[in-house]
Amino acid sequence: MSLVEGFSVTHRRYVPYADAHYGGNLVDGAYGLALFGDVATDLSIHTDGDESLFAGYSNVEFLAPVQAGDVVEVTATLVRVGNRSRDLEFEARVLCRAAPSRGPSAADVLDPPLLATRAKGTVVVPAGKTPGTIEA
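Conventions we followed
- Residues numbered from 1 in each chain as written.
- Predicted model: local features only at pLDDT ≥ 70, side-chain atom pairs only at ≥ 80, totals over all residues.
- Heavy atoms only, no water.
- Salt bridge = Lys/Arg side-chain N within 4 Å of Asp/Glu carboxyl O.
- Buried < 20%, exposed > 50% of the residue type's maximum accessible area, 1.4 Å probe, protein only.
- Helix = DSSP H or I, 4+ residues; strand = E, 2+ residues; numbered from the N terminus.
- Contact = heavy atoms within 4.5 Å.
- Pairing = 2+ DSSP bridges.
- Axes fitted to C-alpha atoms, helices over the stretch in contact; angles between N-to-C directions.
- Expected span 1.5 Å × (residues − 1).

### A few points about the pattern of salt bridges
Tallied over the entire structure, the rule returns eight salt bridges. For D108, the salt bridge is made with R102, and the minimal N-O distance between the two is 2.6 Å. On the basis of relative accessibility, which here comes to 34%, the residue D108 falls in the partly exposed class.

Printed below as a string of structure tokens:
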């Protein structure tokens, strides 16, 4: 296990057109928050051997749109370790974006990637599930 501040986990995902919620193929902000929940769960398994429970966000910033056809990368980084709480910082970046003006399946790699969402949140390890107490 890696219960060390600075430890991070990253996921990448293609945003399907079925998840578009608004005009212009935009997805709603909750889409990114769901991805943050997934990457927080992965990080918690690595750090504590438990999925943990998401306690809440202390800050969320929607900085740029996420659209259907994007490839997004979400990262959770452990920034503080308490007795049972873990503070995390999250970033969602758009790595690739559909380019329908060039054709129905055209897409571009964004260089640099576009920072779409940033957040801070806290997860809590259930009582009795401290590092080193993984049950078989």
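Further notes follow.
### Overview of the environment of S44
Within the element layout of this structure, S44 appears in helix α1 (residues 29–48). Through-space distance from the C-alpha of S44 to that of L78 is 9.3 Å; in sequence the pair is 34 residues apart. Contact partners of S44, with chain neighbours within four places excluded, come to G49, D50, E51, S52 and V123.

### Quick notes on the sheet that holds strand β4 (residues 85–98)
Taken in spatial order, the five strands make up an open sheet running β1-β3-β4-β5-β2, and their pairing is antiparallel. Looking along the sheet, the strands with just one partner apiece sit at the ends: β1 (8–14) and β2 (53–62). Averaged over all neighbouring strand pairs, the angle between strand axes comes to 25°, with direction disregarded. Bridge count between strand β3 (residues 71–81) and β4: 10 bridges; the pairing is antiparallel. Its bridge partner being in β4, A76 is matched across the sheet by F90. The sheet strands contacting α1 are β1, β2, β3, β4 and β5 (107–124), and the helix crosses β1 at an angle near 140°.

### Details of α1
Here α1 spans 28 Å end to end across 20 residues, near enough to the 28 Å set by a 1.5 Å rise per residue. Looking only at α1, the buried set comprises Y31, G32, L35, F36, V39, A40, L43, S44, T47 and D48. Those residues of α1 hidden inside the fold are in contact with β1, β2, β3, β4 and β5. Count one or two residues on from α1 and you reach G49, which has phi positive near 70°.

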